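Tertiary structure, described
Letter by letter, the chains look like this.
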Amino acid sequence: MTELDLRLLRRTKEIAHESMERGNHPFGALLADKDGNVLMEQGNAFSEGGSAYHAETILLLKAAKTYSPEFLKSCTLYSNFEPCCMCTGALYWTNVGRLVFGATEKDLLKFTGDNEENPTFSLSSREVVSHGQKDIIIEGPVQDEAFLEEICRDHIGFWK
């Protein structure tokens with residue numbers, strides 16, 4: 001991951017925290033162009049639509065209405081946590097060419113357990129993409145333990 005990737009991941013952590021402060025789950029995503037310019041940001045919207053209103057899926061559906069598939073191929077989706085299979089599917093179908101995430105789906109499962117608001121899959125985004133026909137670059141998780149702890153902080157105790 002580049003310094004730019006880490007900076008944009010930090011922003012997703014902030015978006016996630018803002019989402020939590022608004023009564024939603026602590027997830028945040030953003031879409032950046034090939035130069036790292038932020039095009040869209042989205043927090044989780046559980047309070048608006050329940051468990052299916054993941055930050056990544058909402059953002060990607062908005063992006064598909066705004067940008068062409070050709071343009072999205074050169075863009076990167078950033079997310080504080082690895083996107084679930086639904087969100088990875090949205091990434092695939094909207095044609096975004098790159099994903100960068102902070103913490104893994106397995107990391108998330110440690111926090112969510114069997115919480116009915118987030119019945120976390122044990123299915124990585126890499127595995128989902130490997131069954132498709134597109135070459136999507138996936139980078140994550142972050143290797144810096146201190147940064148990983150920052151990303152996970154809002155989830156400690158949240159899912160109890």
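It should be emphasised that the depicted structure is a prediction, and the values quoted were computed from it without experimental measurement.

1. Some points on the pattern of salt bridges
A full pass over the atoms with the stated rule returns eight salt bridges. The partner of arginine 98 in a salt bridge is aspartate 5, and the shortest N-O contact between them spans 2.7 Å. Of this pair, arginine 98 sits in strand 4 (residues 98–103) while aspartate 5 is found in helix 1 (residues 3–21), placing the two residues 93 residues apart along the sequence. Each member of the pair, arginine 98 as well as aspartate 5, carries the same accessibility label: buried. One salt bridge in this structure joins lysine 110 and aspartate 107, with 3.5 Å as the shortest N-O distance. A residue pair is termed a helical-turn pair when its members lie 3 or 4 positions apart in one helix, as lysine 110 and aspartate 107 do in helix 6 (residues 105–112) at three residues. One connected set of salt bridges, linked through shared partners, spans Arg11, Glu14, Glu18 and Glu41.

2. Remarks on the pairing of strand 4
With respect to burial, strand 4 is a largely interior element, six of its six residues being buried. Of the strand pairs in this sheet, strand 3 (residues 76–81) and strand 4 are connected by five bridges, and their pairing is parallel. Among the inter-strand pairings, leucine 77 is bridged to a residue of strand 4, identified as leucine 99. Running through helix 5 (residues 85–94), the crossover from strand 3 to the neighbouring parallel element strand 4 is right-handed.

3. Some words on the pairing of strand 2 (residues 38–43)
Bridge count between strand 1 (residues 28–32) and strand 2: five bridges; the pairing is antiparallel. Each residue of the ladder has a partner; that of alanine 32, found in strand 2, is valine 38. Here strand 1 folds back onto strand 2, and the loop between the two strands holds five residues, one of which, glycine 36, carries a positive phi near 90°.

4. Observations regarding unusual backbone geometry
Omega for the bond connecting glycine 140 with proline 141 falls within 30 degrees of zero, at 0°, which places this linkage in the cis form. Here proline 141 is to be found in the loop between strand 5 (137–139) and helix 8 (145–152). Located in the positive-phi region is asparagine 95, a residue other than glycine, with phi close to 80°. As for its position among the elements, asparagine 95 is in the loop between helix 5 and strand 4. Since its relative accessible area comes to 17%, asparagine 95 is described here as buried.

5. So, the nonpolar core
The tendency in soluble globular proteins is for nonpolar side chains to be buried side by side. Core analysis: the largest hydrophobic core is formed by 19 residues, its most contacted members being Leu31, Leu59, Leu60, Leu77, Leu91 and Val96. Contact partners of valine 96, with chain neighbours within four places excluded, come to Leu31, Leu60, Leu72, Cys75, Thr76, Leu77, Leu91 and Ile136.

6. Regarding the sheet that holds strand 4
Reading across from one edge, 2-1-3-4-5 is the order of the five strands in this open sheet, with mixed pairing throughout. Two strands bound the open sheet, and with one partner strand each, they are strand 2 and strand 5. Within this sheet the neighbouring strands show an average axis-to-axis angle of 15°, counted without direction. Inspection of the sheet shows strand 4 paired to strand 5 by three bridges, in the parallel sense. For valine 100, the partnering residue across the bridge sits in strand 5 and is glutamate 139. Sitting on the sheet, helix 1 touches strand 1, strand 2, strand 3, strand 4 and strand 5, and the angle it makes with strand 1 is about 140°.

Each value, and the rule that gives it
Residues numbered from 1 in each chain as written. Predicted model: local features only at pLDDT ≥ 70, side-chain atom pairs only at ≥ 80, totals over all residues. Heavy atoms only, no water. Salt bridge = Lys/Arg side-chain N within 4 Å of Asp/Glu carboxyl O. Helix = DSSP H or I, 4+ residues; strand = E, 2+ residues; numbered from the N terminus. Buried < 20%, exposed > 50% of the residue type's maximum accessible area, 1.4 Å probe, protein only. Pairing = 2+ DSSP bridges. Right-handed = clockwise from strand over helix to strand, strands pointing away. Core = buried A, V, L, I, M, F, W, Y, C linked by side-chain atoms within 4.5 Å. Contact = heavy atoms within 4.5 Å. Axes fitted to C-alpha atoms, helices over the stretch in contact; angles between N-to-C directions.

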